2 protein chains.
Amino acid sequence: MVTKQLLKGLPEDADLRRADSLAREIFSDIANKWALLIIEALGERTLRFSELRDEVEGVSHKMLTQNLRMLERNGLVDRKVHPTVPPRVEYTLTEPGRALRTAVDVICGWTYQHLGHIESARGRFDA
Amino acid sequence: MVTKQLLKGLPEDADLRRADSLAREIFSDIANKWALLIIEALGERTLRFSELRDEVEGVSHKMLTQNLRMLERNGLVDRKVHPTVPPRVEYTLTEPGRALRTAVDVICGWTYQHLGHIESARGRFDA
DNA sequence: CCGGATCCTTATGGATACTG
DNA sequence: CAGTATCCATAAGGATCCGG
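Please read all numbers here as calculations on a predicted model, not as lab measurements.

A. Quick peek at the protein's contact with DNA strand C. Ser-50, His-61 and Arg-79 of chain A together with Ser-60 and Lys-62 of chain B are the nearest of the 14 residues found near DNA strand C. Sugar plus phosphate, as a fraction of atoms of DNA strand C within 4 Å of the protein: 64%. Here a phosphate oxygen of DNA strand C and a side-chain polar atom of Ser-50 of chain A are 2.7 Å apart. Between DNA strand C and the protein, one listed contact pairs a base oxygen with a side-chain N or O atom of Lys-62 of chain B at 2.5 Å. Counting only elements with at least two residues in the surface near DNA strand C, the list comes to helix H3 (49-55), helix H4 (61-73) and strand S3 (88-93) of chain A together with helix H4 (61-73) of chain B.

B. Structural detail: the side chain of Asn-67 of chain A. Residues and elements named next belong to chain A. You can see Asn-67 is positioned in helix H4. A polar side-chain atom of Asn-67 sits 2.8 Å from the main-chain carbonyl oxygen of Met-63. Those residues in contact with Asn-67 that lie beyond four places of it in its chain are Asn-32, Trp-34, Ala-35 and Ile-38.

C. Examining the pattern of salt bridges more closely. Across all of its chains, the model carries 20 salt bridges over all chains by this definition. The closest approach of N and O atoms between Asp-126 of chain B and Arg-73 of chain A, which form a salt bridge, is 2.6 Å. Residue Asp-126 of chain B is found in helix H6 (residues 115-126), and its partner Arg-73 of chain A is found in helix H4; the two belong to separate chains. For Arg-73 of chain A, a relative accessible area of 24% corresponds to the partly exposed category.

Scoring rules and cut-offs
Residues numbered from 1 in each chain as written. Chains lettered and ligands numbered in written order. Predicted model: local features only at pLDDT ≥ 70, side-chain atom pairs only at ≥ 80, totals over all residues. Heavy atoms only, no water. Near = heavy atom within 4 Å. Polar contact = N/O pair within 3.5 Å; in protein donor to acceptor, adjacent residues only side chain to side chain. Helix = DSSP H or I, 4+ residues; strand = E, 2+ residues; numbered from the N terminus. Contact = heavy atoms within 4.5 Å. Salt bridge = Lys/Arg side-chain N within 4 Å of Asp/Glu carboxyl O. Buried < 20%, exposed > 50% of the residue type's maximum accessible area, 1.4 Å probe, protein only.

On their own, these measurements won't tell you what the molecule is for.
In structure tokens:
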């Protein structure tokens, strides 16, 4: 992730390398379609599990729970269980989660801005 | 991607829905680990295939070519083949590619900034 | 309503070998 | 050196069921 020169093997690089590998791990966790779409869907508001499933279209029950667990584990979303019957579980972005969301926003905006460019690039490539 | 109300089925929504599904497709393409790491690695400079493989650590030959083709098809990278022997192929971010890179930069920065928070969140979760 | 577990089918991705 | 193709193990992901 960080430039290659960090990997020269000097003694004091030890914790830098450790940080780097941790960063890679986290990056691999969040740099996936569903995680990013969930973060984007949560936006500013709190959503229940079933609302999220409607909001993030195409996501399966399994992928949703799986990614929510991962995001919760990494401290990006907060999971609040209301002990009612039927149960009510709400998901909210934490502060770091909201910070990351702004980056996801940029990507979404970028996508819409470049639809035209991408479509024509595809046309050229496929020819 | 865009809010659900766009899907109400009114006639004039037709091309909005089309744009939306195209955006989803593009998003699915680029929202993956290797694509983002390649974009980040390309940064401002031009790199050869073999340099990229060294730079993006852990990427296999197959994943690299596969993602490079995809990025080229979507007009994010430019592929320049020098007809020498041995061949020399250079990859460069296009203007849209560089625009997206700034968003990827933000994600990378975010990751390093929140290493501590994430580590302790994991500690709590795993307990 | 939420979530875990199971089964089962695809898709992903690595290793390898071969071409220009 | 760069790219394609093939083979193959394993992981991802959908469907379904049951339990709290």
